[in-house]
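Coordinates in review
Each chain, letter by letter, is given below.
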Amino acid sequence: MLPVFQFSLGHSVLPVGITIGKYDGKHPCLTVATAAGKVLIHSPHTRNREEGSKDVKLLNINKKITCLSAGRLKPQDKRDILMVGTLQSLTAYDVEENADLFFKDVHEGVNA
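Right, let's walk through the structure included here.

Conventions adopted
- Residues numbered from 1 in each chain as written.
- Predicted model: local features only at pLDDT ≥ 70, side-chain atom pairs only at ≥ 80, totals over all residues.
- Heavy atoms only, no water.
- Helix = DSSP H or I, 4+ residues; strand = E, 2+ residues; numbered from the N terminus.
- Rg over C-alpha atoms; globule rule 2.2 N^0.38 Å.
- Buried < 20%, exposed > 50% of the residue type's maximum accessible area, 1.4 Å probe, protein only.
- Contact = heavy atoms within 4.5 Å.
- Areas by Shrake-Rupley, 256 points an atom, 1.4 Å probe, with all protein chains shown as cover.
- Core = buried A, V, L, I, M, F, W, Y, C linked by side-chain atoms within 4.5 Å.
- Salt bridge = Lys/Arg side-chain N within 4 Å of Asp/Glu carboxyl O.
- Pairing = 2+ DSSP bridges.
- Axes fitted to C-alpha atoms, helices over the stretch in contact; angles between N-to-C directions.
- Disulfide = S-S within 2.5 Å.

A few words now on the overall build of the protein. Scanning the protein from N- to C-terminus turns up 0 helices and 8 strands. For the protein, the N- to C-terminal ordering of α and β elements is β-β-β-β-β-β-β-β. Relative to a compact globule of 112 residues, whose C-alpha radius of gyration would be 13 Å, the protein shows 14 Å and is just as compact. Taken along its principal axes, the extent of the C-alpha atoms in the protein is 45 × 35 × 30 Å. When the 112 residues of the protein are sorted by exposure, 36% land in the buried category. Restricting to contacts in the protein with at least 6 residues of sequence separation, those with at least 24 account for 31%. Counting every atom, the protein has about 7,600 Å² of accessible surface; 53% of that belongs to carbon and sulfur.

The next subject is the nonpolar core. One finds Tyr 23, Val 39, Ile 41 and Leu 82 to be the most contacted residues of the largest nonpolar core, which totals 14 residues. Among the secondary structure elements, those contributing two or more residues to this core are β2 (29-34), β3 (38-42), β5 (65-71) and β6 (81-86). Looking at which element gives the most residues to this core, the answer is β5, with 3 residues. Ignoring anything within four residues of it in the chain, the contact list for Ile 41 reads Tyr 23, Cys 29, Leu 30, Thr 31, Asp 55, Val 56, Lys 57, Leu 59, Leu 82 and Val 95.

This paragraph deals with the pattern of salt bridges. Throughout the structure, instances matching the rule amount to 3 salt bridges. Across the salt bridge formed by Asp 80 and Arg 72, the nearest N and O atoms sit 3.7 Å from each other. Residue Asp 80 is classed as buried on the basis of its relative accessible area of 11%. Its relative accessible area of 45% is what places Arg 72 among the partly exposed residues. Taking the shortest distance from any N to any O, the salt bridge between Arg 79 and Asp 94 comes out at 2.6 Å. On the criterion of sequence distance, the pair formed by Arg 79 in the loop between β5 and β6 and Asp 94 in strand β7 (residues 89-94) is long-range, its members being 15 residues apart. The class of Arg 79 is partly exposed, set by a relative accessible area of 24%. Here the salt bridges do not stand alone but share partners, grouping Arg 79, Asp 94 and Glu 97 into one network.

Here 4 strands make up an open sheet; going across it, the order is β5-β6-β7-β8 and the pairing antiparallel. At either end of the open sheet lies a strand with only one pairing partner, and these are β5 and β8 (99-105). Averaged over all pairs of adjacent strands, the angle between their axes in this sheet comes to 15°, without regard to strand direction. In the sheet, β5 pairs with β6 via 6 bridges, with the strands oriented antiparallel. Following the sheet pairing, Ser 69 is matched in β6 by Met 83.

Counting across every chain of the model gives 0 disulfides. Distance from the sulfur of Cys 29, which forms no disulfide, to the nearest cysteine sulfur (Cys 67) is 19 Å.

Dropping the structure here:
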């Protein structure tokens, strides 16, 4: 067997923080939480969309990430939303618009 492609993240990945989301509504993106409190989003389809765009985006959370998930908040939504859980809070993030949708303090933390 020969690999079709090879990709190195260059970061330590947390096993509780790996998901795939369609943040533009069409193309799947690999999303992982790193040990340094960052979220790495690999979007290989953006390379050809515009000149000079990168296929890896880093979101700086600056907290220990305990879980990560992607999905639609409502059935009629067209795009997935990234949910980031930490020891103190839950954040819903719109990757395509580069904006927080909401932030909620959770005293017991978010674990799943």
